[in-house]
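# A structural walkthrough
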Amino acid sequence: MVVKSETCSFTEFKIYPGHGIHYVRKDGTLVILINRKARSLYLGKKKPARVRWTTAWRRLARKGTAEGVKRARKRRVIKKARAVAGVSVDDLKKTNKNKKVVRKLAKKYDAFVASQALIKQIPRLLGPGLQRAGKFPTVVGSKDQLDDKINEVKATIKFQAKKVLNMSVAAAHVEMTPEQIRTNVNLSCNFLASLLKKQWQMIKVIYIKSTMGPAIQIFF
């Protein structure tokens, strides 16, 4: 069964059978209004586009129409590798242990590596800033290849526990396959357990979570 509905001449709302007010103008035009409020505005010669709750106003303001609905943008993940830069001892001396400068330096790079000769001078030149940021340089031995050491640092994750009883770590990224993600999560959990005195007995619960997804409990 199809119910025939009319359209209000002022608001453009649907009018179902048994409702509405009918007017016939002098020129024979039929005017149908949805209620007394619409009738009052129509007889007062108000323009529908000036009344905020009418369909005409919403059309002009692009509210609720196909034009006003913005398409959801797809977030494209563009992976950019930060460049490997070198800093001399003279450049480190210029920081003068300034906390703000050291904090900026720590934010600028993901990790640091230093030679055995330089690693001993870093606390004296920069203070405890890199240590507090969790980015104290990794030692590069005299026999180590710099490229291999950088790749090793990139593939290393760090667990840091200060005064809190919970911690989090990034174990994968969007370009990895499910099998690679599963392997990384297993390795991370097993490595964390190996650092503890009683191993798995000291872990209460483990969650895995994507950036915008819900947390899923995988160990309890």
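Everything below is about the structure printed above this text.
This text gives an overview of the structure that appears in the document. Just so it is clear, the model here is predicted, and its values are computed rather than measured.

## Things to note about a nonpolar patch on the surface
On the surface, a nonpolar cluster with roughly 240 Å² of combined accessible area is contributed by Ile208, Ile216 and Ile218. Tracing the backbone through its elements, the reader meets Ile218 in strand S8 (residues 215-219). Residue class for Ile218 comes out partly exposed when judged on its relative accessible area of 40%.

## Remarks on the nonpolar core
By size, the foremost hydrophobic cluster in this structure holds 13 residues, and its most contacted members are Ile122, Leu126 and Leu130. Taken together, the elements giving at least two residues each to this core come down to helix H4 (99-108), helix H5 (116-119) and helix H6 (122-126). Dropping the residues within four chain positions of it, Leu130 is found in contact with Val102, Ala106, Phe112, Ile122, Lys135, Phe136 and Pro137.

## Let's talk about the packing of aromatic side chains
Evaluation of the coordinates by the stated rule reveals 1 aromatic pair. An angle of 45° between the planes, with centres 6.3 Å apart, marks the rings of Phe13 and Trp53 as tilted. Here the residue Phe13 occupies a position in the loop between strand S1 (6-7) and strand S2 (14-15), and Trp53 occupies one in the loop between helix H1 (36-43) and helix H2 (55-60), the gap between them amounting to 40 residues. Judged by its relative accessible area of 32%, Trp53 is partly exposed.

## Digging into the environment of Ala61
Within the element layout of this structure, Ala61 appears in the loop between H2 and helix H3 (89-94). Assessed through its relative accessible area of 33%, Ala61 is described here as partly exposed. Along the primary structure Ala61 and Ala49 are separated by 12 residues, whereas in three dimensions their C-alpha atoms are 9.4 Å apart.

## Re H1
Along an α-helix, a turn takes 3.6 residues, which lines up residues three or four apart on a common side. Where H1 begins, the side chain of Asn35 points an oxygen toward the backbone nitrogen of Lys37, at a separation of 3.4 Å. Just downstream of H1 lies Lys45, where phi reads positive at about 60°.

## Let's talk about unusual backbone geometry
Here Glu12, not a glycine, exhibits a phi torsion of approximately 65°, which is positive. Here Glu12 is to be found in the loop between S1 and S2. Look at Glu12 and you get partly exposed, because its relative accessible area is 34%. In this model, Lys45 sits at a positive phi of 60°, which is unusual for a non-glycine residue. When you line up the elements, Lys45 lands in the loop between H1 and H2. Using a relative accessible area of 75% as the deciding quantity, one classes Lys45 as exposed.

Reading the values: the criteria
Residues numbered from 1 in each chain as written. Predicted model: local features only at pLDDT ≥ 70, side-chain atom pairs only at ≥ 80, totals over all residues. Heavy atoms only, no water. Patch = residues over 30% accessible without salt bridge, like charges linked within 9 Å, V, L, I, M, F, W, Y side chains within 5 Å. Areas by Shrake-Rupley, 256 points an atom, 1.4 Å probe, with all protein chains shown as cover. Salt bridge = Lys/Arg side-chain N within 4 Å of Asp/Glu carboxyl O. Helix = DSSP H or I, 4+ residues; strand = E, 2+ residues; numbered from the N terminus. Buried < 20%, exposed > 50% of the residue type's maximum accessible area, 1.4 Å probe, protein only. Core = buried A, V, L, I, M, F, W, Y, C linked by side-chain atoms within 4.5 Å. Contact = heavy atoms within 4.5 Å. Phe/Tyr/Trp six-rings, centres within 6.5 Å; stacked < 30°, edge-to-face > 60°. Polar contact = N/O pair within 3.5 Å; in protein donor to acceptor, adjacent residues only side chain to side chain.

Keep in mind these values describe shape, not function.
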